[in-house]
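For reference, the chains in residue letters:
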Amino acid sequence: MTTPWEQLLLAAGLALAIAMVALRLRALAPSGAIVAVLMGTIVVAAGGWWSGIVLVVFFGSSSLVSQINRQSTILQARGSRRDGVQVLANGWGMVAGTLLYSITDWRPWLLFGMGAIAAATADTWSSEIGRTSAAPPRLVTTWQRVPRGSSGAVSARGLLASVAGGTLIAVLAAIGLWQSSSEFSTNVPLIIALVALAGFLGALVDSYLGAVVQEQRFCDVCNGRTEANPHTCGNPTRHVSGMRGFNNDVVNFLCVLTGALIGLFSGIL
Ligand SMILES: [Zn+2]
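What counts, and where the lines are drawn
- Residues numbered from 1 in each chain as written.
- Predicted model: local features only at pLDDT ≥ 70, side-chain atom pairs only at ≥ 80, totals over all residues.
- Heavy atoms only, no water.
- Pairing = 2+ DSSP bridges.
- Helix = DSSP H or I, 4+ residues; strand = E, 2+ residues; numbered from the N terminus.
- Axes fitted to C-alpha atoms, helices over the stretch in contact; angles between N-to-C directions.
- Patch = residues over 30% accessible without salt bridge, like charges linked within 9 Å, V, L, I, M, F, W, Y side chains within 5 Å.
- Areas by Shrake-Rupley, 256 points an atom, 1.4 Å probe, with all protein chains shown as cover.
- Salt bridge = Lys/Arg side-chain N within 4 Å of Asp/Glu carboxyl O.
- pLDDT = per-residue confidence, 0-100.
- Parallel < 35°, antiparallel > 145°, perpendicular 65-115°, else oblique.
- Left-handed = near helix turned anticlockwise from the far one by under 90°.
- Contact = heavy atoms within 4.5 Å.
- Nonpolar A, V, L, I, M, F, W, Y, C, P; charged D, E, K, R; others polar.
- Buried < 20%, exposed > 50% of the residue type's maximum accessible area, 1.4 Å probe, protein only.
- Donors = N, O, S within 2.8 Å, 3.2 Å for Na, K, Ca; no water.
- Tetrahedral: all angles 85-135°; square planar, octahedral: opposite > 155°, others 65-115°.

A. How the structure looks around the sheet that holds strand E3 (residues 216–219). Strand order in the open sheet made by the 3 strands is E4-E3-E5, with antiparallel pairing throughout. Pairing within the sheet leaves two strands with one partner each, and these edge strands are strand E4 (224–226) and strand E5 (238–241). For this sheet, the mean angle separating the axes of adjacent strands, direction not counted, is 45°.

As structure tokens, then:
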């Protein structure tokens, strides 16, 4: 058996190794790598190895699906390397859930974390894989056709990808809880169904907020819509629609919160 300090050191070492690979593959920006190392270490220390594995599956699969769009102009404009704020916007729920679990020893907090990461996975898979859809997507609110990559756009392929991503995390979450619960009875099918639902609804909330409140800006130099200010070209952008400051990171935070709350609910049942 390893002591808690040995586990902490081992977790930090493994997280560092994975972050170095992600940095080298340009999946993470330096700030993203630092946040990912801290996140991985805390999650393993507070939630155990299985929580760490689920986090690695999220990071690994998200980076993989992002590679599909490496050549796309949309992604080149937005940048595919995740920075610290982006990593935090997606991973905060898992950190909060495992920390609360380690403090209270109340198992539903673990499912808060699992629901959170299911939503982050479902959202990343749906937006990256959805972009490869041949038909232009539709806006989730008005069902009008919009250009690929628009905030709040959904496609059949994207929705299927979100179900697949959420279900993968749900199955892993259920296995982890089932093998660690000697004194608890774990309703495996119910947990799989509800954590998968947490992922799907989290991604849907992301699309909805993206369509309704997310800030949209315009770069007059490149003559194109963007979410960034300044734009990747270096020029300041102007506000077009949506709530000022309500950017993609805020939307992702709320997507993860939706998944986390449904996960918590599945743990209380
Ligand atoms: Zn520009």
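There is more to say, and it comes next.
B. Layout of a nonpolar patch on the surface. A cluster of nonpolar side chains, contributed by Ile34, Leu38, Ile42, Leu99 and Ile103, occupies part of the molecular surface with about 490 Å² of accessible area. Going through the elements one at a time, helix H2 (30–47) and helix H5 (84–104) are the ones with two or more residues in the nonpolar patch. Ranked by residue count, the leading element in the nonpolar patch is H2, at 3 residues. Tracing the chain through its elements places Leu38 in helix H2.

C. Layout of the confidence of the model for the protein. Summing up the model confidence of the protein, the mean pLDDT is 90 and the portion of residues at 70 or higher is 94%. Per-element confidence in the protein is highest for H5, whose mean pLDDT is 96, and lowest for helix H4 (residues 73–78), whose mean pLDDT is 49.

D. Summary view of the packing of helix H6 (residues 108–130) against helix H7 (residues 156–180). For the pair H6 and H7, interaxial distance at closest approach is 7 Å and the crossing angle is 155°. The orientation of H6 relative to H7 falls into the category roughly antiparallel. When the axes of H6 and H7 are compared, the crossing they make is right-handed. Residues Leu110, Leu111, Met114, Ile117, Ala118, Thr121, Ala122, Trp125, Ser126, Ile129 and Gly130 of H6 touch H7, and the partners they reach there are Arg157, Gly158, Ala161, Ser162, Ala164, Gly165, Gly166, Leu168, Ile169, Ala173 and Leu177. Class assignment for the residues of the contact of H6 with H7 results in 14 nonpolar, 7 polar and 1 charged.

E. Here's a closer look at the environment of Val171. With respect to the helices and strands, the residue Val171 is situated in helix H7. A residue is classified by how much of its surface remains accessible, and Val171, at 33% relative accessible area, is partly exposed. As for Val171 and Ala116, which are separated by 55 residues in sequence, their C-alpha atoms are 14 Å apart.

F. How the structure looks around the pattern of salt bridges. On inspection of all chains with the given rule, the structure shows 4 salt bridges. Close ionic contact of Arg82 with Glu128 constitutes a salt bridge, the shortest N to O distance being 3.7 Å. Placement of the pair is Arg82 in the loop between H4 and H5 and Glu128 in helix H6, with a sequence separation of 46 residues. Between Arg217 and Glu215 there is a salt bridge whose closest N-O contact spans 2.7 Å. Exposure class is identical for Arg217 and Glu215. Each is buried.

G. Examining the environment of Ile34 more closely. Tracing the chain through its elements places Ile34 in helix H2. Classification of Ile34 by relative accessible area gives exposed; the value is 56%. For the pair Ile34 and Val213, spaced 179 residues apart in the sequence, the C-alpha separation amounts to 30 Å.

H. Structural context of the coordination of the zinc ion. Surrounding the zinc ion are the protein donor atoms Cys219 (SG), Cys222 (SG), His231 (ND1) and Cys233 (SG), which sit 2.0 to 2.2 Å from the metal. Taken together, the 4 donor atoms coordinating the zinc ion span angles of 105 to 113° at the metal, a pattern that classifies the geometry as tetrahedral. Sequence positions of the donors to the zinc ion reduce to the motif C-x2-C-x8-H-x1-C.

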